[in-house]
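Structural features, examined
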Amino acid sequence: MRRTYRRGRRPADAAATTSDAKVFLAFLDLQKEVDTKRGIGSAGYCMGGPMVLRTAAARPTRVHAGASFHGAGLVSDAPDSPHKLVPQLTGGYLIAIASNDDARSPNDKVALREAFAAAKRPAEIEVYADAMHGWCVIDSKVYNPPQAERAWARMLDLFAKNL
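On a predicted model such as this, the values are computed, not experimentally measured, just so you know.

Here we look at helix α4 (residues 108-118)
Within the span of α4, buried status applies to Lys109, Ala111, Leu112, Ala115 and Phe116. Projected onto a plane normal to the axis of α4, the buried residues spread over an arc of 160 degrees and lie on a single side. Turned more than 90 degrees away from the buried face of α4, the exposed residues are Glu114, Ala117 and Ala118. Note on α4: the residue one or two positions beyond its end, Lys120, has a positive phi of about 55 degrees.

Observations concerning the pairing of strand β1 (residues 40-45)
Walk down a regular strand and you will see the side chains alternate between the two sheet faces. Of the two faces of β1, the one holding Ile40, Ser42 and Gly44 is buried and the one holding Gly41, Ala43 and Tyr45 is not buried anywhere. In terms of strand pairing, β1 meets strand β2 (residues 63-69) through six bridges, oriented parallel. Following the sheet pairing, Ile40 is matched in β2 by Val63. Taken together, β1, helix α2 (residues 48-58) and β2 form a β-α-β motif whose crossover is right-handed.

Details of the pattern of salt bridges
Enumeration over the complete set of coordinates arrives at eight salt bridges. Ionic pairing is found between Arg59 and Asp29, a salt bridge with its closest N-O pair at 3.6 Å. On the criterion of sequence distance, the pair formed by Arg59 in the loop between α2 and β2 and Asp29 in helix α1 (residues 11-29) is long-range, its members being 30 residues apart. The closest approach of N and O atoms between Arg154 and Asp157, which form a salt bridge, is 3.4 Å. One end of the pair is Arg154 and the other is Asp157, both in helix α5 (residues 145-162) and three residues apart, which spans about a single turn. Owing to a relative accessible area of 28%, Arg154 belongs among the partly exposed residues under this scheme. One connected set of salt bridges, linked through shared partners, spans Glu124, Arg154, Asp157 and Lys161.

Reading the values: rules and limits
- Residues numbered from 1 in each chain as written.
- Predicted model: local features only at pLDDT ≥ 70, side-chain atom pairs only at ≥ 80, totals over all residues.
- Heavy atoms only, no water.
- Buried < 20%, exposed > 50% of the residue type's maximum accessible area, 1.4 Å probe, protein only.
- Helix = DSSP H or I, 4+ residues; strand = E, 2+ residues; numbered from the N terminus.
- Arc of directions from axis to C-beta.
- Pairing = 2+ DSSP bridges.
- Right-handed = clockwise from strand over helix to strand, strands pointing away.
- Salt bridge = Lys/Arg side-chain N within 4 Å of Asp/Glu carboxyl O.

Shown next as structure tokens:
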């Protein structure tokens, strides 16, 4: 049987990500090197952006900060859209948006800002000028060193404040 999916979406993705996140975090918490009294931070690139929000929503008592770099699919009209999980989150978040992603979906940043504001959750949501999708990945054709370093520094600051 052939299935058709909306752009980049598969029915099991959200459930599988949530399930995996719970298992991975439980595994980490069993490691002697992990201080379970401290929060965990999560970062994701492209499709990893939604995974950050899903992971944080799956275990809000553990995940206290998240960063999405040129995240894909953070906002949709689907009932399980990552931006609709914001009320379940704790801690602070960085959503670093590529210029060309913003040009394709200019309302995503608005929806994200509204979701974080409505939930009274701190978030830095910014479009990175002249940064193309993939700009943070060092071996990417569109790697942008100044903007990648800036985004990385913002994440480290976020983690320092929330973890």
